[in-house]
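# Remarks on the overall topology
So you can see what is in the structure, the chains are spelled out below.
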Amino acid sequence: MRNILNYIPIPLPAPTVSMRRMYNRERYCISNLYVKDEYLCDAIEDTVRDHDHNGKIDHGEEKIYGETAIPCGRYYVTFCPTSLAIGKKARHGCIPYVHKVPSFEHIRIHPGVDERNSEGCIILGYNKEVGKVLDSEACCLMFYDRMHYRPFWLEITDDFAQGK
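Residues numbered from 1 in each chain as written. Predicted model: local features only at pLDDT ≥ 70, side-chain atom pairs only at ≥ 80, totals over all residues. Heavy atoms only, no water.

## Looking at the packing of aromatic side chains
For the coordinates displayed, the defined rule picks out 8 aromatic pairs. Residues Tyr 34 and Tyr 39 carry aromatic rings whose centres are separated by 6.0 Å and whose planes lie at 75° to one another, so their mutual orientation is edge-to-face. With a relative accessible area of 16%, Tyr 34 lands in the buried category. Owing to a relative accessible area of 37%, Tyr 39 belongs among the partly exposed residues under this scheme. (Phe/Tyr/Trp six-rings, centres within 6.5 Å; stacked < 30°, edge-to-face > 60°. Buried < 20%, exposed > 50% of the residue type's maximum accessible area, 1.4 Å probe, protein only.)

## Section: the nonpolar core
The nonpolar side chains of a soluble globular protein tend to be buried with one another. In terms of nonpolar packing, the biggest core is built from 31 residues, with Leu 33, Leu 124, Phe 143, Phe 152 and Leu 154 touching the most fellow members. Examining the composition of this core, we find that 4 residues originate from one element, helix 2 (residues 136-146), more than from any other. The contacts of Leu 154, once residues within four sequence positions are left out, are Val 17, Met 19, Leu 33, Gly 73, Arg 74, Tyr 75, Val 77, Val 98, Ile 109 and Ile 122. In terms of nonpolar packing, the next biggest core, distinct from the first, is built from 5 residues, Tyr 28, Ile 44, Ile 123 and Val 133 among them. (Core = buried A, V, L, I, M, F, W, Y, C linked by side-chain atoms within 4.5 Å. Helix = DSSP H or I, 4+ residues; strand = E, 2+ residues; numbered from the N terminus. Contact = heavy atoms within 4.5 Å.)

## Regarding helix 2
The set of residues buried in helix 2 consists of Ser 136, Cys 139, Cys 140, Phe 143 and Tyr 144. Down the axis of helix 2, the buried side of the element spans an arc of 135°, and every buried residue falls inside it. Remark: His 148 follows helix 2 within two positions and exhibits a positive phi of approximately 60°. (Arc of directions from axis to C-beta.)

Everything listed here is a matter of geometry and, on its own, says nothing about what the molecule does.
Here you go:
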């Protein structure tokens, strides 16, 4: 049987979720997540190390395992089975898996508190405390339901870089 995480699906027409990075700090980055241009929640991930914001870790930029945010760009996301505890509560035992991220593997969108729970993944919640997201598990379940456990496109922009 083929491992589903090694299977890369053919992208289908799907809705777009926008993740606009607002604040990049030394250890973490805070973003706002939008579905159909409607604010849904915040996200925290490791710090952005793609300093020229070209969607690649290149030109002397350093990817540090477990401490680097995925580069900005457009990624196809599907719901895949997981052994993470949230998967047991989520319908079908699945969480979002971000495909074809250059130089990254096993990038998921899941609950947590801060960048230490990330290791390159995207943690959803509400940024009500400096360097953290709160109500993450409920927020993730709401997001998964909102996406109907179907594929979508994730478009990540570094808005902090443009001074927005």
